[in-house]
Each structure stands twice: as C-alpha cells, then as structure tokens.
Amino acid sequence: MFHIRKPPDIAASEITPPEIYRRRRFLRDAGILAAAGITGSLLPAAADAGRKFPNLRKGPFSLDEKPTSYKDVTSYNNFYEFGSGKGDPSEHAGNFRTFPWSVAIEGEVKKPAVYQLEDLLKHHPLEERVYRLRCVEAWSMVVPWVGFPLRDLVRRVEPTSRAKYVEFTTLLDPAQMPGQRPGLLGAGLDWPYIEGLRLDEAMHPLALLAVGLYGEVLPNQNGAPIRLVVPWKYGFKSIKSIVKIRFVEKQPLTTWVRANSREYGFYSNVNPAVDHPRWSQAAERRIGEDSLFSPKRKTLPFNGYADQVASLYTGMDLKKYF
Ligand SMILES: Nc1nc2c(c(=O)[nH]1)N[C@H]1C(S)=C(S)[C@@H](COP(=O)(O)O)O[C@H]1N2
Ligand SMILES: [Mo]
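Definitions and limits used
Residues numbered from 1 in each chain as written. Chains lettered and ligands numbered in written order. Predicted model: local features only at pLDDT ≥ 70, side-chain atom pairs only at ≥ 80, totals over all residues. Heavy atoms only, no water. Domains from an automatic or database assignment. Contact = heavy atoms within 4.5 Å. Buried area = accessible area lost by both parts, 1.4 Å probe. Salt bridge = Lys/Arg side-chain N within 4 Å of Asp/Glu carboxyl O. Polar contact = N/O pair within 3.5 Å; in protein donor to acceptor, adjacent residues only side chain to side chain. Helix = DSSP H or I, 4+ residues; strand = E, 2+ residues; numbered from the N terminus. Nonpolar A, V, L, I, M, F, W, Y, C, P; charged D, E, K, R; others polar. Buried < 20%, exposed > 50% of the residue type's maximum accessible area, 1.4 Å probe, protein only.

**A closer look at the domain arrangement of the protein**
Here the domain parsing of the protein yields domain 1 (1–53) and domain 2 (56–133 + 144–257). If you look at the interface, domain 1 gives 21 residues, while domain 2 gives 26 residues. Between domain 1 and domain 2 lies a buried interface of about 2,000 Å² when both sides are counted; carbon and sulfur atoms form 60% of it. Looking only at domain 1, the three residues that lose the most surface to domain 2 are Arg 28, Ile 32 and Phe 53, adding up to 32% of its buried area. Summed over the shared surface of domain 1 and domain 2, the result is zero salt bridges. Viewed at the interface, domain 2 and domain 1 are joined by five residue pairs in polar contact (both at pLDDT 80 or more). Contributions of two or more residues to the side of domain 1 that touches domain 2 are made by helix H1 (12–15) and helix H2 (18–35). For the side of domain 1 that touches domain 2, the class distribution of residues is nine nonpolar, three polar and nine charged.

Rendered as structure tokens:
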C-alpha cells in the first residue's frame, strides 16, 4: 500500500497578505532600530530609509579587506530550514515572520529569562564589525556585521559554576520553514538546528550576536532576527534565527555532529592542516571572485584569527578535537 500523505502544510506566510508582512517587518525593524537608540518620532523615516542603523560605531577586530557584495552576501546562503540550495533561503525566506521574537535563556544561569528581542537590544549597544566567514565547503566571504559581543549577554545572565558549554537552538516551525518538513529539501538534518560553544569560547570578545549586516536590519536569509557569528570556526557554527540559549554541563550534541560525526566535529575551528574526509581545507574561493583568473586563497589557521584565539586551545590535539 502506498503511504498517502496529506498535502504539505501551507505555510501561514504563503497566505498572509503582503500588507500584513510589510507591517510586521516594519514593526520588527522599528523595534530593533528603537532599541538601537533612535527616538520614536524618527522611526518611520528611519525605517523607510532602507532600514539603516544610523551612527554605528566601529567595533574592534574589523578586517580591512573589501566586503563581499551585498548581493552575494544576501543571495548565496546556507540556511537549510529554507532548502539546501544556495538560492533557496533568499527565495523562500522572504515572508518568514521575525516579529514578535523572543530568546529564552535557560539552564545553568542565575538569571534565566525570556527576552523580547527589543528588550535584549536595549541593554546592548550595537557596533559594526567586518569579519571573514569561512564555510566548511571551502568558500569564504567578508561581511560587515552589526551586532554586540555574545559575552556581554553571557555576563548579564550570570552562568553558575556548573556551566561549561552554551547550546544554541534555531526556531522550529515547519509551517514556515519548508526544509523542516518531511522530504528532501532540508537534506535530512534533524530539527531544530543546534549549535554549541565551550563557555570560554562564548566569552571570547570575537564572538558576536548579529542583528544586521551592511548597516541594515538582518535579511531573513542571513538568520534574522538574531544569529551568532563565530569567525574563527567553520560557518555552520554561526547558527541563525536563535530562539534559545542554554547553559549546560555537558558538551551539546550539535546538528552536524549528529548528522555525521566522522566529517564534522564539535570544535570545527578553521584549520587548513586538517582536511574534511572528502575534500581539502587548505584553500578557499572567495565568493564574488570566481573567474578563471582568480586564484584560490590560502586558508589561514583559525580563519586568520589565530593571534586572538589560538590560546583557547593550547595543549589540545586539534586533529583529534577537529
Ligand atoms: N539555523 C541554521 N543556521 C545556519 C545554517 C543552517 O542551515 N541553519 N547554515 C550555516 C552555514 S553552513 C553557514 S556557512 C552560515 C552561512 O551564513 P550566511 O548565509 O549569512 O552567509 O550559516 C550557518 N548557520
Ligand atoms: Mo557553511
């Protein structure tokens, strides 16, 4: 007998009139911009003007390299919740509802809380940081992120002495995320997407919680409304659309380790000396430079951030803890 399935759920987003989306997006952007310090009376004008964050201060650790074009950063994406093709997220995430949005802080902390995104941002001044992002698939980009250091949030919620790791979870909502429905679109991953860091990694000043790029509120395909950016690790550690941050004693079982622990490790520090079992990690192509004449770039240890982060791993065998 055939297994007869109901037609796939129609995402609420697919039947919401465009005016409602625009309204929701306006409310989201207004909330984020307001939290970033813009007064109420300026909001409509600010939100109309390309949803730009005004007066962003430049944060530390910014690269001098030329950023990858806005078009490439926002149309060549990995966000399997919306499909595993590079163009799928920009094509399918347009109507993703990112307002209202809350982030739950749980586990081994003295101050567990559920924050509305706007409230979270009120405590954390935003800054711009240009970082290199190196995907495990051997390509890279340079992205001007807007965000605040993860460690500021970690400190605010006061981890207990039992907290050794931080676990991050993406929204689970198959009605909105077609890759989470049964079928091949999501490449067979287990949902929700989970990532993790050791507590000292989470406390490193390079680790960023991003809410924007190119001076604008984060596009949905890049992980709106709030995502992690860990520039010395492969891109998949930089989990998108975060709804939960949990402090735990044991190393979290992350999505890619669960999918294939031979190919993906918990640490996933960018390392040209440790190849992926199926391809070399020694070099990378820079998105936007792919012509016959553009040579591959050499991949740098810790993605070029070794001076900042190598000391986190002294004494560890990085071939074993890959
Ligand atoms: N929830 C979630 N987060 C995710 C992914 C994903 O599929 N789902 N893909 C990761 C991978 S493999 C990369 S390279 C980066 C890509 O981020 P970008 O699209 O902003 O360049 O997001 C990471 N975060
Ligand atoms: Mo990636």
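**With respect to the pattern of salt bridges**
Between side chains of opposite charge, pairing is possible as soon as their charged atoms come close. This structure, assessed with the given rule, holds 18 salt bridges. For the salt bridge of Glu 65 with Arg 132, the shortest nitrogen-to-oxygen distance reads 2.4 Å. Taken as a pair, Glu 65 in the loop between strand S1 (57–58) and helix H4 (70–75) and Arg 132 in strand S4 (residues 127–134) lie far apart in primary sequence, 67 residues in all. Overall, the relative accessible area of 24% leaves Glu 65 in the partly exposed class. Take Arg 132: its relative accessible area is 9%, and that puts it in the buried class. In this structure, the salt-bridge partner of Glu 108 is Arg 162, at a minimum N-O distance of 3.2 Å. Taken together, the residues Glu 108 in the loop between strand S2 (102–107) and strand S3 (113–116) and Arg 162 in the loop between helix H7 (150–157) and strand S6 (165–170) connect sequence positions 54 residues apart. Here the salt bridges share partners, and the residues they tie into one network are Arg 57, Glu 127 and Arg 129.

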